[in-house]
Amino acid sequence: QVQLVESGGGSVQAGGSLRLSCAASRSIFRLILMAWYRQAPGKQRELVADITSGGRTNYADSVKGRFSISRDNSKNTVYLQMNSLKPEDTADYYCNVRDSVMNYWGQGTQVTVSS
């Protein structure tokens, strides 16, 4: 089993930045995809960004140009750099890692963006 530990959430003013981290408990040798999801109040969980094992990135239209997903394989960690934050970015953010067998989810970290 792989455990994912998230950190970096918090409360910021609109226009500010946060960097989320998600560290896996061990190396994932059959990695397919690493991703960040979020769930805002009253909404379903949605994909924010993902990065494939080959390094290809994908972003939701709502965050393009503002968010950046990256990873450090040596630290078994995926990051989400969030810039120019907007109140509509307020949500619980979850990292997700998919290998050839199953999905692994982080515990979630709260991001609150005030006007």
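Use the structure listed above.
Residue numbers here run from 1 along each chain, matching the order of that chain's written sequence. Whole-chain, interface and lining totals are the exception, using all residues; otherwise, since this is a predicted model, local features are given only for residues with pLDDT of at least 70 and side-chain atom pairs are given and counted only at 80 or more. Excluded from the side-chain calculations are hydrogens and water; all other atoms, namely the structure's heavy atoms, are used.

K.L.:
Sorry if this is basic, but what is going on with the state of the cysteines here?
P.N.:
The term disulfide refers to a covalent linkage connecting the sulfur atoms of a pair of cysteines. Disulfide: a pair of cysteine sulfur atoms within 2.5 Å of each other. All told, the structure shown has one disulfide when counted by the stated rule. At a sulfur-sulfur separation of 1.9 Å, the disulfide partner of Cys22 is Cys95. On the sign convention where negative means left-handed, the S-S torsion of about 50 degrees between Cys22 and Cys95 marks this disulfide as right-handed. You can see Cys22 sitting in strand E3 (residues 18-24) and its partner Cys95 sitting in strand E9 (residues 91-99), a full 73 residues away along the chain. The buried label applies to any residue whose accessible area, calculated with a 1.4 Å probe on protein chains only, is under 20% of its type's maximum; exposed applies above 50%, and partly exposed to all values in between. A relative accessible area of 0% places Cys95 in the buried class. Where helices and strands are cited, they refer to DSSP runs of H or I of at least four residues and of E of at least two residues respectively, numbered from the N terminus.

K.L.:
How should I be thinking about unusual backbone geometry in this particular structure?
P.N.:
Excluding glycine, a negative phi dihedral is what most residues carry, and trans is how most peptide bonds are arranged. Of note, Asn76 is a non-glycine position whose phi angle comes to about 55 degrees, a positive value. The backbone of Ser84 shows a phi angle near 50 degrees, a positive value even though the residue is not glycine. Inspection of the secondary structure assignment puts Ser84 in the loop between strand E8 (77-82) and E9.

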